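Secondary and tertiary structure notes
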Amino acid sequence: MTTHTTRMLIIGSGPAGLSAAIYGARAGMRPIVVQGLQPGGQLTITTDVENYPGFRDVIQGPWLMQEMQAQAEHVGTRMLWDTITEVDFSGPPFRAIGDSGDIYEGETLVIATGAQARWLGAPGEQELSGKGVSACATCDGFFYRGKKVVVIGGGNTAVEEALYLTNHSQDVTLIHRRDSLRAEKILQDRLFAHPNIKVLWNKAVERFVGEGTGLTGVELKDTVTGETMIEPTDGAFVAIGHAPATELFKGKLELDAGGYIVVQPGTPKTAIPGVFACGDVMDHTYRQAVTAAGTGCMAALDAERFLAEREFLAAR
């Protein structure tokens, strides 16, 4: 068992965590990043990325995260392979215990554990992920311009994604397993008024249908009659919400109704001075790689200011 100490401890290694590490390392804080169960975050399971600034051509998600990690290490970040199982916020220093038994102590702590899209678990879903099945219309909608797409869900996320997809497609279908939507009324009004969106009510996805290397349709079961049908489509967007990775922080930090860490508006500051949250673990609105990177930068800058103020007061 080893104790690792640093001025800035970062839990999570997606765009938010690595951006925090880059800024923290350049500020001389020699950050430690504990990478977690999915090093690199959700971008490591994303193929084509076309909306990250600075790249004219399509890039691959895993490559982008490799480059971010290499940049963070180049400026002085230590990357450690472990999964945090316990945290203690009674510091500073703040303490985290890894599955390995190692102890990590940081004068500041940056939480960047991210969130995962919720999936249906239907046959063909994972096999066709990236080949017609997606959980992010903002990320992947551009690839379906002029094609037929479906959105699965009935809440705000599903309605927003259906409306967004009309920027690219003239044929958008919302599939919902009930006979009414849970989305806010103003969003429903916009959806029902849009000429390029139709709704299939009382339909549950039984499986995703693919031929060769791509999606060709979704098999639906009527939740009232039990009848099945195939709805042809080029793209299917699963929009049933996200699950932030905050189980570790329940009872230790304030979480909102969706399980996201509550921060001071416009900042990554939690209710505990010196503890910051960035990326999808606190952002239930945008959930983009570039916004995650931006909040990671903010967390590092605020961590640096926190330490500077603390040291100034201690020296008086």
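Residues numbered from 1 in each chain as written. Predicted model: local features only at pLDDT ≥ 70, side-chain atom pairs only at ≥ 80, totals over all residues. Heavy atoms only, no water.

In terms of helices and strands, the protein chain carries six helices and 19 strands. Relative to its length of 316 residues, the protein chain is compact, with a C-alpha radius of gyration of 22 Å against a globular reference of 20 Å. Taking the principal axes of the C-alpha coordinates as reference, the protein chain spans close to 70 × 35 × 35 Å. Of the contacts made within the protein chain by residues no fewer than 6 positions apart, 59% connect residues no fewer than 24 positions apart. In the form shown here, the protein chain has an accessible surface area of approximately 15,300 Å², with 50% of it arising from carbon and sulfur atoms. The average position of the 27 basic charges and that of the 37 acidic charges among the side chains of the protein chain differ by 3 Å. (Helix = DSSP H or I, 4+ residues; strand = E, 2+ residues; numbered from the N terminus. Rg over C-alpha atoms; globule rule 2.2 N^0.38 Å. Contact = heavy atoms within 4.5 Å. Areas by Shrake-Rupley, 256 points an atom, 1.4 Å probe, with all protein chains shown as cover. Lys, Arg positive; Asp, Glu negative; His and termini not counted. Charge placed at Lys NZ, Arg CZ, Asp CG, Glu CD.)

Further remarks concern the sheet that holds strand β14 (residues 203-211). Pairing within the open sheet is antiparallel, and its three strands lie in the order β14-β15-β16. Pairing within the sheet leaves two strands with one partner each, and these edge strands are β14 and β16 (228-232). Between one strand and the next, the sheet's axes are offset by a mean angle of 30°, whatever the strand orientation. Taken together, the eight bridges between β14 and strand β15 (residues 214-222) define a ladder with antiparallel strand orientation. (Pairing = 2+ DSSP bridges. Axes fitted to C-alpha atoms, helices over the stretch in contact; angles between N-to-C directions.)

Moving on: the nonpolar core. One broad rule of soluble globular proteins: the nonpolar side chains tend to lie buried together. In this structure, Met-8, Ile-10 and Val-110 are the most contacted members of the largest nonpolar core, which totals 29 residues. Those elements giving two or more residues to this core turn out to be β1 (3-11), α1 (15-26), α2 (61-74) and α6 (289-315). No other element matches α6, which puts seven residues into this core. What Ile-10 contacts, discounting residues up to four positions off in sequence, is Gly-17, Ala-20, Ala-21, Pro-31, Ile-32, Val-33, Val-34 and Val-110. (Core = buried A, V, L, I, M, F, W, Y, C linked by side-chain atoms within 4.5 Å. Buried < 20%, exposed > 50% of the residue type's maximum accessible area, 1.4 Å probe, protein only.)

Before going further, it helps to spend a moment on the packing of helix α4 (residues 156-165) against helix α5 (residues 185-193). The contact between α4 and α5 brings their axes to 10 Å, and the two run at 35°. When you trace α4 past α5, the crossing you get is left-handed. On α5, the residues touching Asn-156, Val-159, Glu-160, Ala-162 and Leu-163 of α4 are Leu-187, Arg-190 and Leu-191. For the contact of α4 with α5, the per-class residue count stands at five nonpolar, one polar and two charged. (Left-handed = near helix turned anticlockwise from the far one by under 90°. Nonpolar A, V, L, I, M, F, W, Y, C, P; charged D, E, K, R; others polar.)

Inspection of the secondary structure puts Phe-312 in helix α6. Sequence-wise, Phe-312 and Gly-124 are 188 residues apart; in three dimensions their C-alpha atoms are separated by 58 Å.

A separate point is the pattern of salt bridges. Close approach of charged atoms allows side chains with opposite charge to pair. Tallied over the full model, the rule gives twelve salt bridges. Between Arg-95 and Glu-105 there is a salt bridge, with the nearest N and O atoms lying 2.9 Å from each other. Of this pair, Arg-95 sits in strand β7 (residues 94-98) while Glu-105 sits in strand β8 (residues 103-111), placing them ten residues apart in sequence. For Arg-95, a relative accessible area of 34% translates into the label partly exposed. In this structure, the salt-bridge partner of Glu-219 is Arg-207, at a minimum N-O distance of 2.4 Å. One end of the pair, Glu-219, is in strand β15; the other, Arg-207, is in strand β14, with twelve residues separating them in the sequence. Taking the relative accessible area as the measure of exposure, Glu-219 reaches 16% and is therefore buried. Each of Arg-7, Glu-107, Arg-310 and Glu-311 takes part in a single network of salt bridges with overlapping partners. (Salt bridge = Lys/Arg side-chain N within 4 Å of Asp/Glu carboxyl O.)

Summed over all chains, the structure comprises six aromatic pairs. Geometrically, the ring pair formed by Phe-192 and Trp-201 is tilted, given 6.2 Å between the ring centres and 50° between the ring planes. Through a chain of ring-to-ring contacts, the aromatic side chains of Tyr-52, Phe-55 and Trp-63 assemble into a single cluster. In this structure, Arg-145 packs its charged tip against the face of Phe-142, placed 4.0 Å from the ring centre. (Phe/Tyr/Trp six-rings, centres within 6.5 Å; stacked < 30°, edge-to-face > 60°. Lys NZ or Arg CZ within 6 Å of the ring centre and 35° of its normal.)

Two numbers describe how α1 lies on α2: the axes approach to 9 Å, and their chain directions differ by 25°. Accordingly, the angle class assigned to the pair α1 and α2 is roughly parallel. With respect to the hand of their crossing, α1 and α2 are arranged in left-handed fashion. Across from Pro-15, Leu-18, Ala-21 and Ile-22 in α1, the residues of α2 making contact are Met-65, Met-68, Gln-69, Gln-71 and Ala-72. (Parallel < 35°, antiparallel > 145°, perpendicular 65-115°, else oblique.)

Taken as a whole, α4 has its buried residues at Ala-158, Val-159, Glu-161, Ala-162, Leu-163 and Leu-165. Its buried side turned inward, α4 meets α3 (137-140), β11 (148-152), β12 (171-175), α5, β13 (197-200) and β17 (235-238).

For the rest of this paragraph, the subject is the state of the cysteines. Throughout the structure, instances matching the rule amount to one disulfide. Distance from the sulfur of Cys-278, which forms no disulfide, to the nearest cysteine sulfur (Cys-297) is 10 Å. For Cys-278, a relative accessible area of 1% corresponds to the buried category. With a relative accessible area of 16%, Cys-297 lands in the buried category. (Disulfide = S-S within 2.5 Å.)

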